[in-house]
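Report on the structure
Each chain is listed here by its residues.
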Amino acid sequence: MKILIAADMEGITGVVSWDQVKPNHAEYPRFRRLMTGDVNAAIRGAFDGGASEVIVSDGHNMGRNILIEELDPRARLNSGSPSPLSMVQGVDTGVNGVIFVGYHARIGSQNAILEHTWSDERVANLLINGQPFGEIGLNAAVSGHFGAPVLMISGDQTACAEATAMLGAVETAIVKTASGRMAAELLPPAVSQEKIQAAAKKAVQRLINGQAPEPLRVQTPITMTIDFVQSEMADKAALLPGARRVDRRLEYRAADMVTLYAAFRTALALARG
């Protein structure tokens, strides 16, 4: 029973500000340790629930946040960027289920800590087959391409609600209750990590017992629409072969989610250039 823990940082215990998740800020080292603590809680829970193997994908920024020296020694860590499958690196290695730790809601969500979709400086909205997607849906769909269901998510109440609305009855660990984009009622790490561990244990037990949600499978061919913050970004992203520019938006059609994921990441890299 192989489990992938895909970790982001904005939904981690205690985070309410960009300063806390940016490597050039004095607060960042403290929150790296909290991120590692949340991930370790999920690792413990996964093994308690019956996992035989756990791999972790560090999905925030450049993928160099989790403290390897403090990671549960039973797990292995995918670190660094770019990697072929980015935030869910390793999901193509026979993973049976995926756990999202520290995830956040999609761009435009109300009462959601640091809500965005990949980059709030570039992406105003993302639609896949006409439906709004954030990083929860995007990474769940890539996981679904490989037959792996999302079993659990930790983050604020809005991220958890987004996951259940899109993916079904996933286990949730609400570690903070957002009252705005940069304000929330927080749980102390000892409390939130206990919740994460318990939810991860139950999620893996449900998978073993055949009670996990189905993998998210997006109907193919897949149409992606990226609404950029500035038209200049759409100009640059339109250099992507096969893309079509419509006003401030970029449209792209792909045969599968892995191709679409690569196109999305490429379009955003071009938009930044």
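It should be noted that the structure appears before, not after, this text.
Residues numbered from 1 in each chain as written. Predicted model: local features only at pLDDT ≥ 70, side-chain atom pairs only at ≥ 80, totals over all residues. Heavy atoms only, no water.

1. Examining the nonpolar core
Judged by nonpolar contacts, the single largest core of 50 residues is most densely connected at Val 88, Phe 100, Leu 167, Ile 226 and Phe 228. Examining the composition of this core, we find that 8 residues originate from one element, helix H6 (residues 257-272), more than from any other. Among the nonpolar cores identified, the runner-up in size contains 40 residues, and Ile 43, Ala 51, Val 54 and Ala 199 belong to it. (Core = buried A, V, L, I, M, F, W, Y, C linked by side-chain atoms within 4.5 Å. Buried < 20%, exposed > 50% of the residue type's maximum accessible area, 1.4 Å probe, protein only. Helix = DSSP H or I, 4+ residues; strand = E, 2+ residues; numbered from the N terminus.)

2. Looking at unusual backbone geometry
Residues Ser 81 and Pro 82 are joined by a peptide bond in cis, for which omega reads 0°. In this structure, Pro 82 sits in the loop between strand S3 (75-78) and strand S4 (97-103). In the Ramachandran plot, Asn 61 falls in the positive-phi region, its phi being about 55° despite a non-glycine side chain. Within the secondary structure, Asn 61 sits in the loop between strand S2 (53-58) and S3. Among the residues examined, Asn 61 registers a relative accessible area of 47% and is labelled partly exposed. Despite not being glycine, Leu 114 shows a phi value in the positive range, around 50°. Tracing the backbone through its elements, the reader meets Leu 114 in the loop between S4 and strand S5 (123-128). Taking the relative accessible area as the measure of exposure, Leu 114 reaches 0% and is therefore buried.

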